[in-house]
Amino acid sequence: MKLRFSLVLASIALFSTGCASKYFIQKDAYTAVKKVALVQHAINPHFLLGTANADEAKTKTVEKNFEVITKEMAGSYAVTPLAEMVANPAYTGAGGKAAWDGFYTAKGAAFFSADEDTLRAATIPADTAKKLCEGLGVDAVAVIYEDWAIESYALGFRAKSRNGYIMNMFDKNGVKVWGDVVWGTSEEGMGLVGGVISTDVDTYVLNNGQSFAAALKEANEHIAGK
């Protein structure tokens, strides 16, 4: 039987806020979107121990997830590269916060949510979404809140990333055109010693990227009506 570790904490964080909602789409508006900027990707590592505590684990996971979402959503829209976005004055001058206590993102990326509730609900103000769309030259902006957890196996000596994601998209008018709440489980696996993640950063990031890819596949199935 598979053992689960930290999933209860992650579930509470994902679904306890009233701002979080499940699958939503304005189909016509969503299908009109061809270029997207992922302007906020916030990670909450909760109380995971070991490799998850490394600063690089957080920043590299967001960087990896830009690659993942670019690939997985290619059939729907193009994603502005992270380096291009964070170098754009329209992004750096949009009033975002460079840091948020207890939450993490990529180097150079910012937080635009008004408070912690909206951060956890992957929501930013409509005026901010409009400003970012115009400045970055995109049809919509995406916002993601990522909860870290693990699923243990091999009698508790191995684990996979089992992360949860709240994802929303806002168009040029600041209107939400798509949103979903999904989970993903990695395939690679990693060492676990006494509940502590025991692996190198790259392997942990690989697991997180696989978790995100699995979650996006589920999101795509929702969009396709499967």
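Cut-off values and rules
- Residue positions within a chain follow its written sequence, with the count starting from 1.
- Only residues with pLDDT of at least 70 get local features here, since the model is predicted, and only at 80 or more are side-chain atom pairs given and counted; chain-wide, interface and lining totals rely on the full set of residues.
- With hydrogens and water set aside, each side-chain value is computed from the structure's full complement of heavy atoms.
- Buried and open spaces are told apart on a 1 Å grid over the protein atoms alone, a cavity being a set of points where a 1.4 Å probe fits but cannot get out and a pocket being an open set with protein on both sides within 12 Å along at least five of seven lines. Residues with an atom within 4 Å of a point are the lining residues.
- Grid points are joined across faces, edges and corners, and a volume is the space filled by probe spheres set on the points.
- Secondary structure is summarised from DSSP: a helix means a run of H or I of at least four residues, a strand means a run of E of at least two, and numbering begins at the N terminus for each.
- Nonpolar residues are Ala, Val, Leu, Ile, Met, Phe, Trp, Tyr, Cys and Pro. Charged residues are Asp, Glu, Lys and Arg, and all others, Gly as well, are polar.
- Each residue gets one of three labels from its accessible area relative to the maximum for its type: buried under 20%, exposed over 50%, partly exposed in between, using a 1.4 Å probe on protein chains only.
- In this context, the arc is that of the directions from the helix axis out to the C-beta atoms.
- In this charge count, Lys and Arg are treated as positive and Asp and Glu as negative; neither His nor the chain ends contribute.
- Between Lys or Arg on one side and Asp or Glu on the other, a salt bridge is scored when a side-chain nitrogen of the former is within 4 Å of a carboxyl oxygen of the latter.
- Whenever two N or O atoms come within 3.5 Å, that pair is a polar contact, provided that in protein one can donate a hydrogen and the other can accept it, and provided that, for residues adjacent in sequence, both atoms are side-chain atoms.
- In this description, strands pair whenever DSSP reports at least two bridges between them.

(A) Just empty space enclosed by the protein, in detail. Summed over all chains, the structure comprises one cavity of 30 Å³ or more. There is about 30 Å³ of room inside the largest cavity. In terms of lining residues, the largest cavity is bounded by Ile69, Tyr77, Ala142, Ile144, Met167, Met169 and Trp178. If you list the elements that add at least two residues to the lining of the largest cavity, you get strand S6 (140-147) and strand S8 (158-171). Of the residues in the lining of the largest cavity, the class split is seven nonpolar, no polar and no charged.

(B) Structural context of helix H7 (residues 126-136). Of the positions making up H7, those classed as buried are Thr128, Ala129, Leu132, Cys133 and Leu136. Looking down the long axis of H7, one finds its buried residues gathered within 135 degrees of arc, a one-sided arrangement. Of the residues in H7, the exposed ones pointing more than 90 degrees away from the buried face are Asp127 and Glu134. Taken from the residues just after H7, Gly137 is the one with a positive phi, measuring 65 degrees.

(C) Seen up close, unusual backbone geometry. Located in the positive-phi region is Ala154, a residue other than glycine, with phi close to 55 degrees. Looking at where Ala154 falls in the secondary structure, it is placed in the loop between strand S7 (150-153) and S8. Exposure remark for Ala154: the relative accessible area of 40% places this residue in the partly exposed category. One non-glycine residue, Leu155, adopts positive backbone phi at about 60 degrees. As for its position among the elements, Leu155 is in the loop between S7 and S8.

(D) Broad picture of the side chain of Asp147. Within the secondary structure, Asp147 is located in strand S6. One buried charged residue, Asp147, remains without a salt bridge, the closest side chain of opposite sign being Arg120 at 5.2 Å. There is a polar contact of 2.7 Å between the side chain of Asp147 and the side chain of His46. Within the structure, the side chain of Asp147 is placed 3.3 Å from the side chain of Tyr145, a separation counted as a polar contact.

(E) Geometry of the pairing of S8. Counting buried positions along S8 gives 11 out of 14 residues, so the element sits mostly inside the fold. Looking at chain direction, S6 and S8 are connected through eight bridges and run antiparallel. Within the sheet, the bridge partner assigned to Ala140 lies in S8 and is Asp171. With four bridges joining them, S7 and S8 adopt antiparallel strand pairing. Looking at the pairing, Tyr153 lines up with Arg158 of S8. If you look at the hairpin formed by S7 and S8, you'll find four residues sitting between the two strands, and Ala154 has a positive phi there, around 55 degrees. Relative to strand S10 (residues 190-193), S8 runs antiparallel, the two being bridged by two bridges. Residue pairing for S10: Arg158 is matched across the bridge by Gly191. Relative to strand S9 (residues 176-185), S8 runs antiparallel, the two sharing nine bridges. Across the sheet, the residue bridging to Met169 is Trp178, located in S9.

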